[in-house]
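In case you want the letters, here they are:
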Amino acid sequence: QVQLVESGGGLVQAGGSLRLSCTTSGRAFSAYAMGWFRRTPGKEREFVATITSNGGSTNYADSVKGRFTISRDNAENTLYLQMTSLKPEDTAIYYCARSYFSSSAIRSSAYQYWGRGTQVTVSS
């Protein structure tokens, strides 16, 4: 059974940095694209970043481009999101997800498995 567990969330001051991790269970982690999404109260889950199965290509939401970096360590079945220059509007619950496919995707419908989320709060 595939399980995804996020960690690394917390409270940080605006302008600071935070690194999120997502550990996965189940076989063939390296065969699937992975993504990060976030959700704020009253809103739909929002795409943040995605990475192909081999880590060769990434894509980011315009709102985080240049500030966030998605990466993966297939040997350790782990996905990362390095967040820098954090802003109060980045405050959200962040979710990692595994895609149905090897290629990256920005739509939530392309993802089969989801973690339970980790809270990121950025103070001003």
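Provided above is the structure to which this section pertains.
Fair warning: this is a prediction, and the values are worked out from it, not measured in the lab.

S.K.: How do you make sense of the sheet that holds strand β7 (residues 68-73) when you look at a structure like this?
M.R.: Strands pair in a sheet through their backbones, by hydrogen bonds, and they do so in one of two ways: parallel or antiparallel. In space, the four strands of this open sheet follow the order β1-β3-β8-β7, with antiparallel pairing throughout. The open sheet terminates on both sides in strands that have one partner only, identified here as β1 (4-7) and β7. Between one strand axis and the next, the sheet turns by 15° as a mean value, whatever way the strands run.

S.K.: Whenever I open this one, the side chain of aspartate 90 confuses me. Can you help?
M.R.: In this fold, aspartate 90 is placed in the loop between β8 (78-83) and β9 (92-99). A distance of 2.8 Å separates the side chain of aspartate 90 from the backbone nitrogen of lysine 87, its partner in a polar contact. Leaving out residues up to four positions away in the same chain, aspartate 90 has contacts with Arg38, Val64, Arg67, Phe68, Ser85, Val120 and Val122.

S.K.: When you look at the environment of tyrosine 32 in this model, what are you seeing that I'm missing?
M.R.: If you trace the backbone, tyrosine 32 turns up in the loop between β3 (18-24) and β4 (34-39). The partly exposed category is assigned to tyrosine 32, whose relative accessible area is 21%. The spatial distance from the C-alpha of tyrosine 32 to the C-alpha of isoleucine 51 is 9.1 Å, given a sequence separation of 19 residues. The contact partners of tyrosine 32, leaving out residues within four places of it in the chain, are Ser53, Arg72, Arg98, Ser99, Tyr100, Phe101 and Ser102.

S.K.: Just to check I follow, could you spell out the packing of aromatic side chains for this structure?
M.R.: Here a ring pair, both rings aromatic, is described through the centre-centre distance and the interplanar angle of the planes. Applying the stated criterion to the full structure yields five aromatic pairs. Measuring from ring centre to ring centre gives 5.1 Å for phenylalanine 37 and tyrosine 111, while their planes differ by 80°; the resulting arrangement is edge-to-face. Of this pair, phenylalanine 37 sits in strand β4 while tyrosine 111 sits in strand β10 (residues 111-114), placing them 74 residues apart in sequence. Following the ring pairs from residue to residue traces out a cluster consisting of Phe37, Phe47, Tyr111 and Trp114. The aromatic ring of tyrosine 95 is capped on one face by arginine 45, whose charged end is 5.1 Å from the ring centroid.

Scoring rules and cut-offs
- Residues numbered from 1 in each chain as written.
- Predicted model: local features only at pLDDT ≥ 70, side-chain atom pairs only at ≥ 80, totals over all residues.
- Heavy atoms only, no water.
- Pairing = 2+ DSSP bridges.
- Helix = DSSP H or I, 4+ residues; strand = E, 2+ residues; numbered from the N terminus.
- Axes fitted to C-alpha atoms, helices over the stretch in contact; angles between N-to-C directions.
- Polar contact = N/O pair within 3.5 Å; in protein donor to acceptor, adjacent residues only side chain to side chain.
- Contact = heavy atoms within 4.5 Å.
- Buried < 20%, exposed > 50% of the residue type's maximum accessible area, 1.4 Å probe, protein only.
- Phe/Tyr/Trp six-rings, centres within 6.5 Å; stacked < 30°, edge-to-face > 60°.
- Lys NZ or Arg CZ within 6 Å of the ring centre and 35° of its normal.

By themselves, these are just geometric observations and shouldn't be taken as functional.
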